[in-house]
Amino acid sequence: MILPVVPSKFPEPRDDAPLVVFDFDHTLYDGDSGSHLFKWLIDRAWWRQLLALLAAPIAGPMVAWLPTRRAGISVFVWIGTVGLHRRRDLDALIDRYVEANAETIK
């Protein structure tokens, strides 16, 4: 019996492929890297800080309650990224965050 060749839905592995690491249990990074990044994004401008303070009485408790956690976090993510129009703009900011916090991250 001859089986048909089915194309893989995953790309072929490459030596120069980008590497993405997720750390969910504080093994590699001491703290919540997502929270630290979005706090840094919010702290970039006074008006973002003010907006986060205004949103905190509603979004803060949402973060604490599991059924609404994603929506609450999304409020702060939006505040940190409002005005960005392209993915590469966010990527550039993340690169700046990593450069500015390299010692703390290590």
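Rules used in this analysis
Residues numbered from 1 in each chain as written. Predicted model: local features only at pLDDT ≥ 70, side-chain atom pairs only at ≥ 80, totals over all residues. Heavy atoms only, no water. Helix = DSSP H or I, 4+ residues; strand = E, 2+ residues; numbered from the N terminus. Buried < 20%, exposed > 50% of the residue type's maximum accessible area, 1.4 Å probe, protein only. Axes fitted to C-alpha atoms, helices over the stretch in contact; angles between N-to-C directions. Parallel < 35°, antiparallel > 145°, perpendicular 65-115°, else oblique. Contact = heavy atoms within 4.5 Å. Nonpolar A, V, L, I, M, F, W, Y, C, P; charged D, E, K, R; others polar. Expected span 1.5 Å × (residues − 1). Bend = angle between axes of the 7 residues up to and from the residue. Salt bridge = Lys/Arg side-chain N within 4 Å of Asp/Glu carboxyl O.

Colleague: Looking at this structure, I do not really get the environment of Ala55. What am I missing?
Modeller: If you trace the backbone, Ala55 turns up in helix 2 (residues 46-64). Owing to a relative accessible area of 18%, Ala55 belongs among the buried residues under this scheme. Taking C-alpha positions, Ala55 is 9.4 Å from Gly72, a pair spaced 17 residues apart along the chain.

Colleague: Would you explain the packing of helix 1 (residues 33-42) against helix 4 (residues 87-100) in this entry?
Modeller: Angle between the axes and distance between the axes are the two parameters that describe a pair of packed helices. One way to put it is that helix 1 packs onto helix 4 with a least axis distance of 11 Å and a crossing angle of 105 degrees. Classified by the angle their axes make, helix 1 and helix 4 are roughly perpendicular. Of helix 4, the residues touching helix 1 (which contributes Ser33, His36, Leu37, Trp40 and Leu41) are Leu90, Leu93, Ile94, Arg96 and Tyr97. When its residues are assigned to classes, the contact of helix 1 with helix 4 shows seven nonpolar, two polar and one charged.

Colleague: Please clarify how helix 2 should be interpreted in this entry.
Modeller: Taking 1.5 Å per residue, 19 residues should reach 27 Å; helix 2 reaches 25 Å between its end C-alpha atoms and fits that length. Along helix 2, the largest kink reaches about 65 degrees and is centred on Ala56; proline Pro57 follows within four residues of it. Along helix 2, the residues that are buried comprise Arg48, Ala52, Ala55 and Ala59. Where helix 2 is buried, its residues contact helix 1 and helix 3 (69-81).

Colleague: Which parts of the structure should I look at to understand the pattern of salt bridges?
Modeller: Where side chains of opposite charge bring their charged atoms close, a pairing between them can arise. Evaluated as defined, the whole model comprises four salt bridges. The residue Lys39 makes a salt bridge to Asp43 at a minimum N-O spacing of 2.5 Å. When the shortest N-O distance is used, the salt bridge between Arg86 and Asp89 registers 3.2 Å. Classification of Arg86 by relative accessible area gives partly exposed; the value is 44%.

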